[in-house]
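Survey of secondary and tertiary structure
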Amino acid sequence: MDKRTGLPVVGMIGAGQLARMTHQAAIGLGQSLRVLAADRDASAALVAADVQIGAHTSYDDLARFAAGCDVVTFDHEHVPGEHIAALAAAGHRVFPGAEALLHAQDKRVMRERLGADGFPVPRWRPIGSAADVVGFADEVGWPVVLKATRGGYDGKGVWTVAAVTDAAELFDPVSHEARLPLLAEERIPLRRELAALAARSPFGQVATWPVVETVQQDGICVEVIAPAPGLSEDHAAQAQELAVNLATDLGVVGILAVELFQTDAGLVINELAMRPHNSGHWTIDGAVTSQFEQHLRAVLDYPLGVTSSVAPWTVMANVLGGDPAAAIGAAAMGLDERVHHLMAAHPAVKLHLYGKAVRPGRKIGHVTATGSDLAALRAATADAAGRLRHGVPAERPQP
Ligand code: ADP
């Protein structure tokens, strides 16, 4: 409890853009998010008053951080499960708990559990050697998708291979054993990718937002459209039900994001995240209650907020860091000037920059627009994101 305000202290481990935007929501609730940051320049550490510097892999740092927090939560899934369990055993409230979070940390555990509980997942197999890949591909056909069971993000740790030689670096050249824990999946003939977002409180209250389409380029989400255009009511309801059932089944507290593939045969679950998620950034400007506020409400066991949209459509486009070498003339235009041009061109577009140093392909911000003309919103947000990235408008993602 913060003695000055009489309001609870939420601690978030990790100080990236998710913590930064959670802090923004915390301010409205009368709070100030406490963040555990690796360094002072981290996105959330630049804006929060209550920053501790430490390593999320050090139990001592975590325990020092948790002291004085009413509840501890995460902006990433990299905290070792045994540390989370130890914090809980020491009497700290940590949400989501180690057992639930394991399903967002380890793709193998997640696939095993979801398969056993009857949720729709791709055919998959744990992989110990190159021969295992060949055996699996004999059953499901090439290409297959190989995944590191832990530590992947934004498509890193995912390899689509048409032959085992395509993934030679993953196997020891002599023994042919896998160099890291791997699994293989059938390649799903996907029509598009969707995401369903749910929040759950310890009390058991659940809420879901409209199901969105996530547009990916090179394994990175570039655009989110809310709601997913043309999604049937049945599929939308099914996706929301999957998210709610999973949150309840796994005992998630906070936000659960379920990444889905839409195929001709129906919906298949790809991936889970148990924290505010990129597919939910649109809710800041496009929903009555944002995912960040809802995450705080959930971990504090407050009643959850209404999740309906405030406009027929919301489009969010990620701003990725540009390649300085490719920017040529635009390279001379600094971020401040780009912002100026963007605001002049698109006064209705909402800008969210994360205060992060620009690196090629790194998510440095997002832009959002709400309204009733979907094509116009997509064009405006793609143009706005392109101006920030390149200093000039970029090509828009294909529908
Ligand atoms: P990450 O953990 O890096 O986000 P994902 O498992 O979400 O990795 O995979 C990244 C992207 O790779 C997905 O968004 C999708 O476009 C593609 N992908 C992953 N698994 C499959 C699959 N089984 N079939 C087809 N495409 C896949």
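Throughout what follows, the structure given in this document is the object of discussion. Everything numeric here is computed off the predicted structure, so don't read it as measured data.

Basis of the calculations
Residues numbered from 1 in each chain as written. Predicted model: local features only at pLDDT ≥ 70, side-chain atom pairs only at ≥ 80, totals over all residues. Heavy atoms only, no water. Core = buried A, V, L, I, M, F, W, Y, C linked by side-chain atoms within 4.5 Å. Buried < 20%, exposed > 50% of the residue type's maximum accessible area, 1.4 Å probe, protein only. Helix = DSSP H or I, 4+ residues; strand = E, 2+ residues; numbered from the N terminus. Contact = heavy atoms within 4.5 Å. Near = heavy atom within 4 Å. Polar contact = N/O pair within 3.5 Å; in protein donor to acceptor, adjacent residues only side chain to side chain. Areas by Shrake-Rupley, 256 points an atom, 1.4 Å probe, with all protein chains shown as cover. Nonpolar A, V, L, I, M, F, W, Y, C, P; charged D, E, K, R; others polar. Pairing = 2+ DSSP bridges. Axes fitted to C-alpha atoms, helices over the stretch in contact; angles between N-to-C directions. Arc of directions from axis to C-beta.

**Quick look at the nonpolar core**
The biggest cluster of nonpolar side chains holds 39 residues, and the ones touching the most others in it are Leu 246, Ile 269 and Leu 272. The greatest single-element share of this core, amounting to six residues, is contributed by helix H7 (residues 233–250). Setting aside chain neighbours within four positions, we find Leu 272 in contact with His 103, Ala 104, Met 110, Leu 114, Leu 246, Leu 250, Leu 256, Ala 257 and Val 258. Counting residues in each nonpolar core, the second largest holds 24 residues, with Leu 33, Phe 95, Phe 292 and Leu 300 among its members.

**Comments concerning the site of the ligand**
Around the ligand, 20 residues are found, and the nearest of them are Lys 107, Lys 147, Gly 155, Glu 185 and Glu 193. Between the ligand and Glu 193, the relevant distance is 2.4 Å, taken from an oxygen atom to a side-chain nitrogen or oxygen of the residue. Taking Asn 270, its side chain carries an N or O atom lying 2.9 Å from an oxygen atom of the ligand. Starting from 550 Å² of accessible surface for the ligand in isolation, the protein chains cover 88%. At the level of secondary structure, the elements contributing two or more residues to the shell around the ligand comprise strand S6 (144–148), strand S8 (177–186), strand S13 (254–263) and strand S14 (266–273). Classifying every residue of the shell around the ligand gives six nonpolar, four polar and 10 charged.

**As for the sheet that holds S6**
Reading across the sheet, the four strands line up as S5-S8-S6-S7 and stay open at both edges, with antiparallel pairing between neighbours. Of all strands in the sheet, those bounded by a partner on one side alone are strand S5 (124–129) and strand S7 (158–161). This sheet shows a mean twist of 30 degrees between the axes of neighbouring strands, independent of strand direction. By the bridge criterion, five bridges tie S6 to S8 in an arrangement that is antiparallel. When the bridges of S8 are listed, Ala 148 appears paired with Leu 182. Relative to S5, helix H5 (residues 107–116) is tilted by about 145 degrees, and along the sheet it contacts S5, S6 and S8.

**As for helix H11 (residues 335–345)**
Those residues of H11 that sit buried are Arg 338, Val 339 and Leu 342. Seen along its axis, H11 keeps its buried residues to an arc of 100 degrees; they face one direction. In H11, the exposed positions that point more than 90 degrees away from the buried face belong to Asp 336, His 340 and Ala 344.

**Brief notes about the environment of Gln 105**
Relative to the assigned elements, Gln 105 resides in helix H4 (residues 98–105). Between the C-alpha atoms of Gln 105 and His 76, which are 29 residues apart in sequence, the distance is 9.5 Å. Not counting chain neighbours up to four residues away, the residues in contact with Gln 105 comprise Glu 77, Val 79, Gly 81, Thr 149, Arg 150 and Gly 151.

**Things to note about the sheet that holds strand S4 (residues 71–74)**
Ordered by their spatial adjacency, four strands build an open sheet running S3-S2-S1-S4, and the pairing between neighbours is parallel. Each edge of the open sheet is held by one strand with a lone partner, namely strand S3 (50–53) and S4. The sheet shows a mean angle of 25 degrees between the axes of neighbouring strands, taken without regard to direction. In this structure, strand S2 (residues 34–37) lies alongside S3, joined through four bridges in parallel fashion. From the neighbouring strand, Ala 37 faces S3, where its bridge partner is Ile 53.

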